[in-house]
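Now for the letters of each chain:
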Amino acid sequence: MTDDIFCLFGSDFQYKAAAWNYRNMDSMIDYMNENHGDKYFFKYSTPSEYIDIIKKKDIKWPTKYDDMFPYSSGDTDWWTGYFTSRANAKGYVRRASSNLHSSAITYAQKVLDQSAKDEEIASIM
Amino acid sequence: MLDAMGVLQHHDAVSGTAKQAVANDYNRLLSNAMAKNNAQYDKLIADKVRNQFGYAANEDWKQCLKTNSTYLDCPVASKSLNESWSMNVAVHNPSTVDLKSLKVAVPEEANFDVTVFNSTSQAFEPTMAEKSCYDDHLENGEKIKNCHMEIKADTNAQAISLIKLTNGAKKEEIQKRVIPENEAETQFIEGNGLKVVYKGMDKTESTLKFDVYDEATGSSKPEEFEFSMRYYESYTHMMNNKMMNSGAYAFHPMEGQLHPYPYGDVKEVSISKGKYSQQLDITFGKHLYGEELESMKSVVHVSIDKDLPLIKIDVDLDSLPL
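Just so it is clear, the structure is predicted and the values come from calculations on it, not from any experiment. (Residues numbered from 1 in each chain as written. Chains lettered and ligands numbered in written order. Predicted model: local features only at pLDDT ≥ 70, side-chain atom pairs only at ≥ 80, totals over all residues.)

Draft legend 1. Layout of the overall build of chain B. Helix and strand counts for chain B stand at 3 helices and 18 strands. Considered along the principal axes of its C-alpha atoms, chain B spans approximately 65 × 55 × 45 Å. Within chain B, the proportion of its 322 residues that are buried is 26%. The contacts in chain B between residues at least 6 apart in sequence include a share of 57% that link residues at least 24 apart. (Helix = DSSP H or I, 4+ residues; strand = E, 2+ residues; numbered from the N terminus. Buried ≥ 20, exposed ≤ 12 C-beta atoms within 10 Å, placed from the backbone. Contact = placed C-beta atoms within 7 Å.)

Rendered as structure tokens:
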């Protein structure tokens with residue numbers, strides 16, 4: 001859609017010896033800029049920097065209708081186990097999520113309460 | 001809480017794909033965060049109850065969940081049912097929907113008189129309350145009764161209601177009736193503009209079939225839906241004798257198993273219809289290599305929500321055979 005290419009580096013466990021990764025990336029960036037600098041410019045970037053540049057170009061994006069889930073790493077090798085794995089742990093996360101939501105609302109109501117004392121608000125914050 | 005919940009969003013945390021020791025640590029994080037948070041939250045609930053109802057509890061408030069819980073998690077578990085006492089329950093509704101009914105977990109032997117605080121009359125007044133129970137199956141083959149009371153009481157959005165449970169009322173429990181196979185299609189539960197008819201089971205597929213009639217559509221033609229429980233065998237082998245595999249592998253379906261196994265056969269379908277609450281309970285038994293595993297049962301509860309136009313399907317799933 002534009003001339004900007006976002007190139008991702010790394011994956012799980014790829015930065016255990018991070019200095020080596022950066023040395024390799026430095027070399028690749030230097031090589032490309034020296035030898036193909038007439039066409040391309042390579043640099044370290046971030047997702048927000050990339051999105052800012054794309055946004056300035058005011059592109060009309062196509063709508064994507066399909067779904068990336070479930071993952072698979074082969075024809076019959078679906079990563080579906082993790083939707084149901086450790087059901088108690090998943091239940092616990094949901095319980096904690098409810099706990100966070102209902103307590104946060106209660107704290108907000110207290111902070112908005114004009115009759116609340118300063119020390120009550122301090123103990124929440 | 002925000003830190004702990006943030007950490008739990010990692011792609012090997014809530015997904016359940018970390019190694020066991022790491023998964024344990026995630027739960028420790030959550031548990032510590034909730035313990036700290038609840039000290040503050042409980043105090044504010046006590047404040048709210050005092051301000052709103054003029055009621056100061058003579059003990060600290062203790063928490064208990066409305067769903068996914070039994071009375072053993074609730075303060076009522078520590079009370080002797082042979083003595084006379086009453087207990088106030090403050091119900092916090094943090095959602096943005098007004099609720100007309102609530103549910104509390106109670107022991108089977110408990111017979112409570114339930115009253116609800118009316119803010120206009122400033123007094124506790126009688127209300128509709130019904131207890132229903134089902135069997136929970138333990139791994140050693142024992143059964144325990146798991147009971148809940150469904151209570152008619154308004155709890156407005158982001159507000160609190162107060163009810164009082166008084167021990168020593170007349171014994172009353174909604175009676176369950178087992179539905180004989182030839183009576184499927186005539187049995188239904190209804191409420192809140194919805195009617196759910198149990199249509200029986202597809203034996204080869206172990207699939208339960210239902211018809212739903214929705215008053216809101218004005219149509220006399222039902223929507224059909226089916227429900228079944230399935231599982232895959234997972235890839236559990238160790239990388240070597242010492243190292244435990246990460247959950248990413250332990251919870252990976254076996255390569256080549258294209259279709260999931262059905263959980264088991266339907267052992268019993270029962271219906272309970274009280275004056276206030278109605279429910280279908282479907283008990284699945286588990287078979288393994290043609291042999292029935294007596295200790296493994298799962299119960300599927302079908303009911304209609306009192307507040308939202310929803311059909312609720314709660315599953316009490318016992319462990320899968322290894």
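Here the narrative resumes.
Draft legend 2. Expanded view of the interface of chain B and chain A. Each partner contributes to the interface: chain B provides 30 residues, whereas chain A provides 26 residues. Sorting the residues of the side of chain B that touches chain A by element identifies helix H1 (2-8) and helix H2 (20-53) of chain B as the ones contributing at least two each. If one sorts the elements of the side of chain B that touches chain A by residue count, H2 of chain B sits on top with 10 residues.

Draft legend 3. Representation of helix H1 (residues 18-36) of chain A. The end-to-end C-alpha separation of H1 of chain A is 26 Å, in line with the 27 Å expected for 19 residues at 1.5 Å each. Burial of H1 of chain A is sparse: only 0 of the 19 residues sit out of reach of the surface. (Expected span 1.5 Å × (residues − 1).)

Draft legend 4. Here's a closer look at the sheet that holds strand E7 (residues 159-167) of chain B. Residues and elements named next belong to chain B. Spatial ordering of the open sheet is given by E1-E7-E3-E4, a layout of 4 strands whose pairing is antiparallel. Every interior strand has two partners, whereas the edge strands, strand E1 (86-93) and strand E4 (123-126), have only one. Within the sheet, the average angular offset between the axes of one strand and its neighbour, ignoring direction, is 35°. Lying on the sheet, H2 is in contact with E1, strand E3 (112-118) and E7; it crosses E7 at an angle near 85°. (Pairing = 2+ DSSP bridges. Axes fitted to C-alpha atoms, helices over the stretch in contact; angles between N-to-C directions.)

Draft legend 5. Just the environment of Tyr-22 of chain A, in detail. With respect to the helices, strands and loops of the structure, Tyr-22 of chain A is situated in helix H1. Between the C-alpha atoms of Tyr-22 of chain A and Ala-96 of chain A, which are 74 residues apart in sequence, the distance is 39 Å.

Draft legend 6. Seen up close, the domain arrangement of chain B. Looking at chain B, the domain boundaries give domain 1 (2-51), domain 2 (71-167) and domain 3 (176-228 + 263-316). Its C-alpha centre places domain 1 of chain B at a distance of 25 Å from the equivalent point of domain 2 of chain B. (Domains from an automatic or database assignment.)

Draft legend 7. Structural view of the sheet that holds strand E2 (residues 99-106) of chain B. Residue and element names in this part refer to chain B. The strand order across the open sheet formed by 3 strands is E2-E6-E5, and the pairing between neighbours is antiparallel. Strands at the two margins of the open sheet, each flanked by one partner only, are E2 and strand E5 (129-137). Ignoring which end each strand starts from, the neighbouring axes of this sheet average 30° apart. Bridging between E2 and strand E6 (residues 143-155) involves 7 bridges; their strand directions are antiparallel.

Draft legend 8. Up close: unusual backbone geometry. The omega angle of the peptide bond from Phe-69 of chain A to Pro-70 of chain A is -10°, so this bond is cis rather than trans. Here Pro-70 of chain A shows up in the loop between helix H2 (47-56) and helix H3 (87-112). Although it is not a glycine, Glu-185 of chain B sits at a positive phi angle of roughly 85°. Tracing the backbone through its elements, the reader meets Glu-185 of chain B in the loop between strand E8 (176-178) and strand E9 (188-191).

Draft legend 9. Here's a closer look at the nonpolar core. All names here are of chain B. Counting residues in hydrophobic clusters, the biggest one holds 24 residues, and the most contacted among them are Val-104, Val-106, Phe-112, Val-114, Met-149, Ile-151 and Ile-163. Contributions of two or more residues to this core are made by H2, E2, E3, E6 and E7. With 5 residues, the top contributor of residues to this core is E2. Two domains each put at least three residues into this core: domain 1 (2-51) and domain 2 (71-167). Beyond its immediate chain neighbours, meaning those up to four positions away, Val-114 contacts Thr-127, Ala-129, Met-149, Ile-151, Ile-163 and Leu-165. (Core = buried A, V, L, I, M, F, W, Y, C linked by C-beta atoms within 7 Å.)

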